[in-house]
Amino acid sequence: MIDKIDSVVNAIGGFLYQPYIVPLFLIVAGLYFTIRTGLIQFRLFGESIHVVAEKPKEKGSISSFGALMVSTASRVGTGNIVGACGAILTGGPGAIFWMWIIAFFGMATIYAEATLAQKTRIVEPDGNIKGGPVYYITTAFKGGFGKFLAGFFAVSIILALGFMGCMVQSNSIGSTMQTAFGIPSWIVGIVLVIICAIIFLGGVQRLAAVTEKLVPIMAGIFLLGGLVILCARIKYVPSTFGMIFKYAFQPQAIIGGGIGYALKTAISQGAKRGLFSNEAGMGSTPHAHAQANVAHAHDQGVVAMIGVFIDTFIVLTLNALVIICTLYTADGPLANGYFGDITATLGKTNLAQTAFGSVFGASLGAKFVAICLLFFAFSTILSWNLFGKINANYLFGRKNSKLCNVIYTVIALVFIFLGTVSGSDFVWEVTDMFNNFIVLPNVIALFALTGMVMASLNEVNKSKQLKV
């Protein structure tokens, strides 16, 4: 039965991730908003620093920094470690180049998403904030069609992130902790469920308080470890960058097959894992950005761009450089590609551990990656649970939101535990499939509400001109 379901999931996911469907949606959206906003990634990136320090003024809201940390926590997870490993193994080092492309244009897309989340959010009398793609989808499309798209998005994101996505995160935690420390994955699952339950019940303020402290620490530890590896392998760093650019356009030299097939694989893997990693265009992080209290919707838009930058151009890139400069260079086990007997010993779940272990030693390398992944994936679980909960309330919580939250939380905790004891490949494929479903209605609504995005940007531009 599982095999049949797996084949269906692979067929759907494979079709949607052909270069002309989901990746095309994301790249076109990114190009479109990059042009319409006048290269906002470059022009206004520095402006976001001033906004981040602002404190919330409304009860129930969180600071712009808190929203950034919640959104960054959702991005910086297994996509940066396990996802990047999978992209490199399947698509070659060149897949990282395509992840960069997706992220660069995605910075403009995430600006539009965060701006619309702020513009269409609902602040209730008790201070509770409701916001996210379902609210700007129904703003873009009135009547039955809008309700259908919003409902389709809500169901997809509950399954993709709230349930299946959290399984991916807990699966990575369980497998790496068992490999590194010998702790049975089911024990890891029980401990994880207990900690998550305590935080879930505390609401968005408790979540923000945890991620504001956790994200900077976990990113700092991982970056420090990665820089140590790069310093030890400094002579291979130039060739590492060379491989990323070379194999982006000549992937058949490292992954085999014809040029057409290899190039399609490299691009699709870069797009697939790039989406899962930076989440720009997916419609997930707008839920966090809607919660922030800022002077203008534009302010949270520019802050949102930092999250994509941190995720892809700092954390993911560092991990990729470590993997390539230790495993794919002349003295590495994958110098000639991912072929033959090596496929039985190296996979996406242990590739990073092997890379760090080549310098730190096998035992310390495995433990270092396991600890980093524990924090990365744990923070992502917290954020994705919130995103799923917001949509569960949109669908089922209008009459009794407390009951809806309890039922949703119980189901989510069951999925988290199951993830620690399940096979990783099937969980990844199911999550990828539902990620595809999320993108389509979200990007359609972004195009439909371009006028609202540009109006927000123009308001800020005019106010700046008046001040000058």
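Colleague: So what exactly am I meant to see when it comes to the overall build of the protein chain here?
Modeller: Of the regular secondary structure elements, the protein chain holds 21 helices and two strands. Among the 468 residues that make up the protein chain, the fraction classed as buried is 60%. In the protein chain, 84% of the contacts between residues at least 6 apart in sequence involve partners at least 24 apart. When the accessible surface of the protein chain is summed, it comes to about 17600 Å², and 69% of that surface belongs to carbon and sulfur atoms.

Colleague: Got a minute to help me understand unusual backbone geometry in this structure?
Modeller: Negative phi is the rule for most residues except glycine; trans is the rule for most peptide bonds. Positive phi, close to 55 degrees, is recorded for leucine 39, a residue that is not glycine. Position of leucine 39 among the secondary structure elements: in the loop between helix H2 (22-36) and helix H3 (40-43).

Colleague: How do you make sense of the state of the cysteines when you look at a structure like this?
Modeller: In protein structure, a disulfide is the covalent linkage between the sulfur atoms of two cysteines. Across all of its chains, the model carries zero disulfides by this definition. Free of any disulfide, cysteine 196 has its nearest neighbouring cysteine sulfur in cysteine 166, separated by 7.6 Å. Here cysteine 196 falls in the buried class, since its relative accessible area comes to 0%.

Colleague: Explain the packing of aromatic side chains to me, please; I cannot follow it from the model alone.
Modeller: Each aromatic ring pair is characterised by the separation of its centres together with the angle its planes make. Across all of its chains, the model carries 22 aromatic pairs by this definition. Where phenylalanine 33 meets phenylalanine 447, the ring centres are 6.2 Å apart and the plane angle is 15 degrees; that geometry is what we call stacked. With phenylalanine 33 in helix H2 and phenylalanine 447 in helix H20 (residues 424-448), the pair connects residues that are 414 residues apart, well separated along the chain. The interplanar angle of 80 degrees and the centroid separation of 5.7 Å between the aromatic rings of phenylalanine 360 and phenylalanine 368 together place this pair among those described as edge-to-face. A residue is classified by how much of its surface remains accessible, and phenylalanine 360, at 22% relative accessible area, is partly exposed. Note on phenylalanine 368: relative accessible area 16%, which makes it buried. Three or more aromatic residues joined by ring pairs form one cluster here, namely Phe97, Trp98, Trp100, Phe245 and Phe249.

Colleague: Teacher, can you tell me more about the packing of helix H9 (residues 143-181) against helix H19 (residues 401-420) here?
Modeller: Axes are the key here: two packed helices are described by the angle between their axes and the distance separating the axes. Running from N to C, H9 and H19 point in directions that differ by 35 degrees, and their axes come no closer than 6 Å. As H9 packs across H19, the resulting crossing turns out to be right-handed. Facing H9, whose interface residues are Ile158, Gly162, Phe163, Met164, Cys166, Met167, Ser170 and Asn171, H19 presents Tyr408, Ile411, Ala412, Phe415, Ile416, Leu418, Gly419 and Thr420. Its residues placed into classes, the contact of H9 with H19 shows eleven nonpolar, five polar and no charged.

Colleague: I tried to follow the confidence of the model for the protein chain on my own but got confused; where do I start?
Modeller: Low pLDDT marks regions whose predicted coordinates should not be analysed in detail. For the protein chain, the mean per-residue pLDDT works out to 81, and 84% of the residues sit at or above 70. At the level of individual helices and strands, the protein chain shows its lowest average pLDDT in helix H1 (residues 2-16), which scores 52, and its highest in helix H8 (residues 133-140), which scores 94.

Colleague: For this particular structure, what's the right way to read the environment of leucine 39?
Modeller: Owing to a relative accessible area of 40%, leucine 39 belongs among the partly exposed residues under this scheme. Taking C-alpha positions, leucine 39 is 7.7 Å from alanine 108, a pair spaced 69 residues apart along the chain.

Colleague: Quick question: what am I supposed to make of helix H10 (residues 185-200) here?
Modeller: An α-helical segment advances 3.6 residues per turn. Residues three or four places apart therefore align on the same side. With 16 residues, H10 should reach 22 Å at 1.5 Å per residue; the first-to-last C-alpha distance of 22 Å fits that figure. Within H10, the full set of buried residues consists of Ser185, Val188, Gly189, Leu192, Val193, Cys196, Ala197, Ile199 and Phe200. End-on, the buried residues of H10 take up no more than an arc of 160 degrees, which puts them together on one face.

Colleague: How do you make sense of the nonpolar core when you look at a structure like this?
Modeller: The nonpolar side chains of soluble globular proteins are, as a tendency, buried together. Formed by 81 residues in total, the largest nonpolar core has its most connected members in Val70, Cys196, Ile381 and Ile416. Per element, the largest residue contribution to this core is 15 residues, and it comes from H9. Ignoring any residue separated from it by four or fewer positions in sequence, one finds isoleucine 416 in contact with Cys166, Ser170, Leu192, Val193, Cys196, Phe200 and Ile381. Grouped together as the second largest cluster of nonpolar side chains are 53 residues, Ile96, Met99, Trp100 and Phe356 included.

Colleague: Explanation requested: the environment of threonine 34 in the structure shown.
Modeller: With respect to the secondary-structure elements, threonine 34 resides in helix H2. When its relative accessible area of 5% is taken as the criterion, threonine 34 is described as buried. When the C-alpha atoms of threonine 34 and alanine 108 are compared, they prove to be 5.3 Å apart, with 74 residues separating the residues in sequence. For threonine 34, the contacting residues outside a window of four places in its chain are Leu39, Ile40, Gln41, Phe105 and Ala108.

Colleague: It is not clear to me how H19 should be interpreted in this structure. Could you clarify?
Modeller: In this model, H19 (20 residues) spans 29 Å end to end at C-alpha, consistent with the 28 Å of a helix rising 1.5 Å per residue. Where H19 is concerned, the buried positions are Cys404, Tyr408, Thr409, Ala412, Leu413, Phe415, Ile416, Gly419 and Thr420. On an axial view of H19, the arc spanned by its buried residues comes to 165 degrees, and they lie on one face. Of the surrounding secondary structure, the elements contacted by the buried residues of H19 are H9, H10 and helix H18 (362-396).

Definitions and limits used
Residues numbered from 1 in each chain as written. Predicted model: local features only at pLDDT ≥ 70, side-chain atom pairs only at ≥ 80, totals over all residues. Heavy atoms only, no water. Helix = DSSP H or I, 4+ residues; strand = E, 2+ residues; numbered from the N terminus. Buried < 20%, exposed > 50% of the residue type's maximum accessible area, 1.4 Å probe, protein only. Contact = heavy atoms within 4.5 Å. Areas by Shrake-Rupley, 256 points an atom, 1.4 Å probe, with all protein chains shown as cover. Disulfide = S-S within 2.5 Å. Phe/Tyr/Trp six-rings, centres within 6.5 Å; stacked < 30°, edge-to-face > 60°. Axes fitted to C-alpha atoms, helices over the stretch in contact; angles between N-to-C directions. Left-handed = near helix turned anticlockwise from the far one by under 90°. Nonpolar A, V, L, I, M, F, W, Y, C, P; charged D, E, K, R; others polar. pLDDT = per-residue confidence, 0-100. Expected span 1.5 Å × (residues − 1). Arc of directions from axis to C-beta. Core = buried A, V, L, I, M, F, W, Y, C linked by side-chain atoms within 4.5 Å.

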